[in-house]
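Understanding the architecture of this molecule
Next come the chains, spelled out residue by residue.
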Amino acid sequence: KTPLTVMNLSADIIRSEKLPEAGRTKHLDRISNQVKHMNDLVNQTLRLRRLIDPSYPLEIQIVDIQPLLQKLADDAEGLAKDRVVNLHIGEDAPAQITTDPDVLRHILMNLLTNAVKYSDDAVDLTASYDPMTQNIQFSVHDQGIVIAPEDIERVFAPFYRANNALGQAGTGLGLAISRDGVMKIGGTIRCESQPDNGTTFHVVVPVDLAVAALES
């Protein structure tokens, strides 16, 4: 059922039946949840459109890594009760990078949101540095639902959802936004998923986006 179908059905029930207060509340909550879902869908669609638009400007700034990642970890922990996000920053990781902080924040928050949603265990957020390529890698690891090999590449397609993830609420746009956001700031994204080792998304971006853009 589409969100509009669910809302219309609940509204018809409220209008046509003499429901107790608990019943009315149930259907009003259902309408409210579907409105939120549609609002999320519209916002994410607009964000996706901006990211794939070549004329959409980036706001390149110096970004302090530790406070950015700590804020993301804290926000992700607040998405579910008793959830823990462990933050690991490598000793060789730069304290600052030059990139678009808003785009990077949305990329990592999308990945953390999925990790918290699909796993009951702790989630790991890691930052490490590759001096050979002068890139920084952010990794989000969880022990939740395993992504089948045939789904690995397709998970980044808009609106695609793996069969074992259909029971969870979502728009199907989060990973597409992350992929296009990563490309927008000159990076790459890949996924690894194994039954005994959980799922990890790796995001690799330049330490200095301004320099990388000039070199390319």
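Structure shown above.
This structure is a prediction, so every number in the text was calculated from the model and none was measured.

Calculation criteria
Residues numbered from 1 in each chain as written. Predicted model: local features only at pLDDT ≥ 70, side-chain atom pairs only at ≥ 80, totals over all residues. Heavy atoms only, no water. Core = buried A, V, L, I, M, F, W, Y, C linked by side-chain atoms within 4.5 Å. Buried < 20%, exposed > 50% of the residue type's maximum accessible area, 1.4 Å probe, protein only. Helix = DSSP H or I, 4+ residues; strand = E, 2+ residues; numbered from the N terminus. Contact = heavy atoms within 4.5 Å. Phe/Tyr/Trp six-rings, centres within 6.5 Å; stacked < 30°, edge-to-face > 60°. Axes fitted to C-alpha atoms, helices over the stretch in contact; angles between N-to-C directions. Left-handed = near helix turned anticlockwise from the far one by under 90°. Pairing = 2+ DSSP bridges.

Membership of the largest hydrophobic core comes to 38 residues, with the highest contact counts inside it found for Leu 69, Val 85, Ile 97, Leu 111, Leu 112, Phe 138 and Val 203. Elements represented by at least two residues in this core include exactly helix 3 (65–77), helix 4 (101–118), strand 4 (123–130), strand 5 (135–142), helix 5 (174–184), strand 6 (188–194) and strand 7 (198–206). In terms of residues, this core owes the most to one element, helix 4, which gives nine residues. Not counting the four nearest positions on each side in its chain, Ile 97 is found in contact with Gln 61, Ile 62, Val 63, Ile 65, Leu 104, Ile 136, Phe 138 and Val 207.

What follows is about the packing of aromatic side chains. Tallied over the entire structure, the rule returns one aromatic pair. Their ring planes at 90° and their centres at 6.0 Å tell us that Phe 156 and Phe 201 sit as a pair that is edge-to-face. With Phe 156 in the loop between strand 5 and helix 5 and Phe 201 in strand 7, the pair connects residues that are 45 residues apart, well separated along the chain. Given the relative accessible area of 8%, Phe 156 is considered buried.

At a minimum axis distance of 10 Å, the contact between helix 3 and helix 4 shows a crossing angle of 35°. Considering only the axes of helix 3 and helix 4, their crossing is right-handed. Counting all contacts with helix 3, which are made through Leu 68, Leu 69, Leu 72, Ala 73, Asp 75 and Ala 76, the residues of helix 4 involved are Leu 104, Arg 105, Leu 108, Met 109, Leu 112 and Val 116.

Moving on: the sheet that holds strand 7. Taken together, five strands build an open sheet; the order of strands is 2-4-5-7-6 and the sheet is mixed. Only two strands of the sheet have a single partner each, and these edge strands are strand 2 (85–89) and strand 6. Within the sheet, the average angular offset between the axes of one strand and its neighbour, ignoring direction, is 15°. Across eight bridges, the pairing between strand 5 and strand 7 is antiparallel. Opposite Val 140, over in strand 7, you have Phe 201 as the bridge partner. Sitting on the sheet, helix 5 is in contact with strand 6 and strand 7, with an inclination near 140° to strand 6.

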